[in-house]
Amino acid sequence: MAVDDVDRIVSAWRRERPDLDVTPLAVLSRISRLARRLDLARGRAFAGTGLEGWEFDVLSALRRRGEPHELSPGQLVSETLVTSGTMTNRVDRLAARGFVERHPDPGDRRGVLVRLTPQGRAVVDAAMAQLLADEHELLAELAPDERELLAGLLRRLLRPFESASS
């Protein structure tokens, strides 16, 4: 079996602190390192389209919604896990860039809907294509069945923290 940096870290901790069970490091340190690689890949994907990570998050929430690619500010808050004040600022900034528009909510006279513009759709689609290319590269060492197994195991670890489980 090949040894990596995490194996060396775990081994050193076992040597220095044999009284501690350091087995979580073998999994979670690798997840942490992969998360850093993913952050770098996201940065590259978004830089190529001129987006910040938060912009991608909002635009992709709208894009995933399907036609007409619109959500209320409250739904966007729920999708992106930020405060309503933060979302208002983000929508303002995205509107100034021409990526979203606000429209009256026909179901609520006091409400508004945030809609993805054609320009916003083009930029989020380009960023998503680049991100997926980078993510495929990150997973290239795993066979499709290994990817599925890993996804299932990670899903199980995340389930207690995810909103869908409540």
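Preceding this section is the structure that the text describes.
Below or above, wherever it landed, is the structure these notes cover. (Residues numbered from 1 in each chain as written. Predicted model: local features only at pLDDT ≥ 70, side-chain atom pairs only at ≥ 80, totals over all residues. Heavy atoms only, no water.)

### As for helix H1 (residues 5–16)
- Across its 12 residues, H1 extends 17 Å between first and last C-alpha, which sits within 8% of the 16 Å expected from 1.5 Å per residue.
- One side-chain oxygen at the N-terminal end of H1 lies 3.2 Å from the backbone nitrogen of valine 6; it belongs to aspartate 4. (Helix = DSSP H or I, 4+ residues; strand = E, 2+ residues; numbered from the N terminus. Expected span 1.5 Å × (residues − 1). Polar contact = N/O pair within 3.5 Å; in protein donor to acceptor, adjacent residues only side chain to side chain.)

### Topic: the nonpolar core
- Among the nonpolar cores identified, the biggest contains 23 residues, and Leu51, Leu59, Leu62 and Leu76 are the most heavily contacted of them.
- When residues of this core are traced back to their parent elements, those giving at least two are helix H2 (23–47), helix H3 (53–64), helix H5 (84–96), strand E3 (108–116) and helix H6 (118–138).
- Setting aside residues up to four positions removed in sequence, leucine 51 forms contacts with Phe46, Phe56, Leu59, Arg97, Phe99, Val123 and Ala127. (Core = buried A, V, L, I, M, F, W, Y, C linked by side-chain atoms within 4.5 Å. Buried < 20%, exposed > 50% of the residue type's maximum accessible area, 1.4 Å probe, protein only. Contact = heavy atoms within 4.5 Å.)

### Here we look at the pattern of salt bridges
- What the rule picks out here adds up to 14 salt bridges.
- In this structure, arginine 42 and aspartate 57 form a salt bridge, with 3.0 Å as the shortest nitrogen-oxygen distance. Here arginine 42 is found in helix H2, whereas its partner aspartate 57 is found in helix H3, with 15 residues between them in sequence.
- The class for aspartate 57 is partly exposed, based on a relative accessible area of 32%.
- One salt bridge in this structure joins arginine 63 and aspartate 125, with 2.7 Å as the shortest N-O distance. Here the residue arginine 63 occupies a position in helix H3, and aspartate 125 occupies one in helix H6, the gap between them amounting to 62 residues.
- Given a relative accessible area of 25%, arginine 63 falls into the partly exposed group.
- Put simply, Arg63, Glu67, Arg121 and Asp125 are held in one network by salt bridges that share partners. (Salt bridge = Lys/Arg side-chain N within 4 Å of Asp/Glu carboxyl O.)

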